[in-house]
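A structural walkthrough
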Amino acid sequence: MPVTVYAVFYSSEVHDDMPSDIDLFLSGSEGKFEFIYANKLTALVSLQKEKNPVYSQQEVLAYASIVEKISKRYAILPMRYGSVVDSLEDVIALLQKNSESFYAVLDSVKNKEEYSLRLLFSQRHQHDTLNMESTEIIKVPPAILQGNTETKNYLLKKYQEHIVEENRHQYIEKIQSHVTQEIRKITEIFELKKRVTPALILDAVLLIERSAKDEILALASRIQSRYPEHNVILTGPWPPYNFTQIKIE
Amino acid sequence: MQDDLYDINKEITILDVLDRVLTKGVVITGDIVISVADIDLVYLGLRVLLSSVETMEKRKAITL
Amino acid sequence: MEEDKILFYGGSSNEIIEELEKITSGNPGRINATPENVDSGLAKIVLTLIELIRKLMEKQAMRRIDGNSLSEDQIENLGETLMKLEQKMDELKKIFNLTDKDLNLNLGPLGDLL
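Residues numbered from 1 in each chain as written. Chains lettered and ligands numbered in written order. Predicted model: local features only at pLDDT ≥ 70, side-chain atom pairs only at ≥ 80, totals over all residues.

**Topic: the overall build of chain C**
Within chain C, the regular secondary structure consists of three helices and two strands. Reading chain C from its N terminus to its C terminus gives the helix and strand order β-α-β-α-α. Burial statistics for chain C: of 114 residues in total, 13% are counted as buried. A separation of at least 24 residues holds for 67% of the contacts in chain C among residues at least 6 apart in sequence. (Helix = DSSP H or I, 4+ residues; strand = E, 2+ residues; numbered from the N terminus. Buried ≥ 20, exposed ≤ 12 C-beta atoms within 10 Å, placed from the backbone. Contact = placed C-beta atoms within 7 Å.)

What follows is the structure, given as structure tokens:
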């Protein structure tokens with residue numbers, strides 16, 4: 001019977017309370033849940049009727065909400081949606097084979113929670129300021145592009161776009177390095193994600209002590225007041241989804 | 001107004017949740033299967049090894 | 001989610017949602033080619049690569065202009081070539097019914113190609 005795995009954590013945490021209340025604290029969630037033990041580890045799993053997970057938003061959110069509930073209780077490693085193995089024996093084998101790597105990662109996220117800190121261009125600012133600054137700079141185009149021919153005008157247009165982009169780049173890098181410095185004051189465990197949209201100035205995930213929630217809140221509002229023209233968004237606390245790099249064998 | 005705010009917060013939260021649970025977290029099963037006409041052909045493995053689904057099935061059979 | 005995860009946000013929430021949708025839409029799953037879409041599927045991959053190379057060339061050309069190391073003749077040639085390349089690209093996009101947005105492969109953990 002296929003088994004969905006939600007999270008892995010130290011068994012010692014479970015022993016402190018009664019595992020029998022598993023259905024109680026996951027109440028409202030559909031499915032038959034079980035704790036699977038192997039070495040010092042426990043996995044929260046549920047039995048599935050079918051192997052292929054259904055990719056509906058509802059299913060995914062239900063999965064995430066179970067991971068969330070368990071993470072409130074224990075220090076866990078969250079699994080990605082679609083973590084389905086063939087049998088309960090496979091879960092045990094998985095835990096046994098990879099126990100050392102699981103220990104290492106679990107230790108690194110102990111008592112810590114994940115937060116997302118993002119800084120976005122406000123659309124208004126994006127169009128006005130940067131473009132204007134750039135036009136100032138290219139009022140005098142490079143000598144080689146002067147002369148009113150079709151090709152030169154084309155190149156000049158491209159060149160202007162290039163300058164706008166370069167300026168934008170520098171502008172973003174400056175903010176990024178400043179915010180990075182600020183983040184370092186709170187934690188050394190963070191990651192800047194690759195910018196995937198033009199409006200994204202910074203997309204960071206941080207891992208901080210559970211007790212340091214106030215510090216991250218203060219950081220967000222500090223950054224917002226430093227860059228009032230942009231939008232700061234802080235979300236969390238999350239299970240350590242972004243800090244679970246582990247090689248499964 | 002309160003309701004609007006609630007909805008917006010919920011939407012942002014859902015987006016963030018989906019991003020995490022679909023692309024982050026510990027991976028124990030295959031990442032990407034490229035299929036042609038609903039027949040799985042290319043499997044993009046955990047360590048970004050490109051192998052055919054057939055080889056994967058065979059390998060699986062051996063390890064089990 | 002029964003819990004509110006937004007701890008702080010400044011600015012317009014609609015803008016924020018719009019952007020977050022873009023950020024989080026890169027969800028690796030199945031790339032499915034069927035008899036109906038195989039033409040545009042292949043064209044998409046090929047054109048994406050051509051577009052990547054074209055943009056790289058354009059970028060390099062701008063750096064050469066910045067470096068002021070090009071002669072009058074070179075500039076003329078360069079401009080004409082880049083212009084024609086872009087026109088050709090636009091024609092190809094039209095033929096295969098592809099937009100700029102289509103010509104951007106999501107490389108999973110590596111982010112977007114372009």
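**Things to note about the overall build of chain B**
A tally of helices and strands in chain B yields two helices and three strands. Of the regular secondary structure in chain B, the N- to C-terminal order runs α-β-β-β-α. Within the span of chain B, comprising 64 residues, buried residues form 19% of the whole.

**Quick word on the sheet that holds strand 8 (residues 200-209) of chain A**
With antiparallel pairing, five strands are arranged side by side in an open sheet as 7(A)-8(A)-6(A)-9(A)-1(C). Single-partner strands in this sheet number two, and they are strand 7 (190-192) of chain A together with strand 1 (6-9) of chain C. When strand polarity is set aside, the average angle formed by the axes of neighbouring strands in this sheet is 15°. Pairing analysis gives nine bridges linking strand 6 (residues 112-121) of chain A to strand 8 of chain A, with the strands arranged antiparallel. (Pairing = 2+ DSSP bridges. Axes fitted to C-alpha atoms, helices over the stretch in contact; angles between N-to-C directions.)

**Let's talk about the interface of chain A and chain C**
If you look at the interface, chain A gives 32 residues, while chain C gives 27 residues. Counting residues per element, the ones that place at least two in the side of chain A that touches chain C are helix 3 (57-73), helix 8 (150-184), strand 8, helix 9 (213-226) and strand 9 (230-238) of chain A. At seven residues, helix 8 of chain A tops the list of elements feeding residues into the side of chain A that touches chain C. Bridge count between strand 9 of chain A and strand 1 of chain C: three bridges; the pairing is antiparallel. Across the sheet, Leu234(A) pairs through a bridge with Phe8(C), a residue of strand 1 of chain C.

**Quick notes on the nonpolar core**
Residues Val5(A), Tyr6(A), Ala7(A) and Val8(A) are the most contacted members of the largest nonpolar core, which totals 31 residues. Among the elements of the structure, strand 1 (3-10), strand 3 (41-47), helix 3, strand 4 (76-78), helix 4 (88-97) and helix 5 (99-109) of chain A together with helix 1 (2-23) of chain B are those that each provide at least two residues to this core. (Core = buried A, V, L, I, M, F, W, Y, C linked by C-beta atoms within 7 Å.)

**Comments concerning unusual backbone geometry**
Outside of glycine, negative phi angles account for most residues, and trans bonds account for most peptide bonds. With omega at -10°, the peptide bond leading from Gly236(A) into Pro237(A) counts as cis. Along the chain, Pro237(A) falls in strand 9. In this structure, Asn111(A) takes a positive phi of about 60° despite not being glycine. Note on placement: Asn111(A) falls in the loop between helix 5 and strand 6. Even without glycine at this site, Asn97(C) takes up a positive phi of about 60°. By the element assignment, Asn97(C) lies in the segment after helix 3 (72-95). The exposed category is assigned to Asn97(C), around which 11 C-beta atoms lie within 10 Å.

**Considering the environment of Leu92(C)**
Relative to the helices and strands, Leu92(C) is located in helix 3. Here the alpha-carbon distance between Leu92(C) and Ser69(C), two residues 23 residues apart in the chain, equals 32 Å.

**Examining the environment of Leu103(C)**
Residue and element names in this part refer to chain C. Among the secondary structure elements, leucine 103 is positioned in the segment after helix 3. Note on leucine 103: 21 C-beta atoms within 10 Å, which makes it buried. Placed 52 residues apart in sequence, leucine 103 and glutamate 51 show a C-alpha to C-alpha distance of 7.5 Å.

**As for helix 9 of chain A**
Between the first and last C-alpha of helix 9 of chain A there are 20 Å, a value that for 14 residues agrees with the 20 Å anticipated at 1.5 Å per step. Considering only its buried residues, helix 9 of chain A is in contact with strand 6, helix 8, strand 8 and strand 9 of chain A together with strand 1 of chain C. (Expected span 1.5 Å × (residues − 1).)

**Structural notes on the packing of helix 8 of chain A against helix 3 of chain C**
Look at helix 8 of chain A against helix 3 of chain C: their axes get within 9 Å of each other, and the N-to-C directions meet at 70°. Classified by the angle their axes make, helix 8 of chain A and helix 3 of chain C are roughly perpendicular. Residues Thr151(A), Lys152(A), Tyr154(A) and Leu155(A) of helix 8 of chain A form the contact with helix 3 of chain C, whose own contacting residues are Ile75(C), Glu76(C), Gly79(C), Glu80(C) and Met83(C). Taken together, the residues of the contact of helix 8 of chain A with helix 3 of chain C sort by class into four nonpolar, two polar and three charged. (Parallel < 35°, antiparallel > 145°, perpendicular 65-115°, else oblique. Nonpolar A, V, L, I, M, F, W, Y, C, P; charged D, E, K, R; others polar.)

**A word on the pairing of strand 1 of chain A**
Residues and elements named next belong to chain A. Here strand 1 lies mainly inside the structure; seven of its eight residues are buried. Judged from the seven bridges that link them, strand 1 and strand 3 form a sheet pairing that is antiparallel. Counterpart to valine 5 in the pairing with strand 3 is valine 45. Taken together, the three bridges between strand 1 and strand 4 define a ladder with antiparallel strand orientation. Across the sheet, residue alanine 7 finds its bridge partner in strand 4, namely proline 78.

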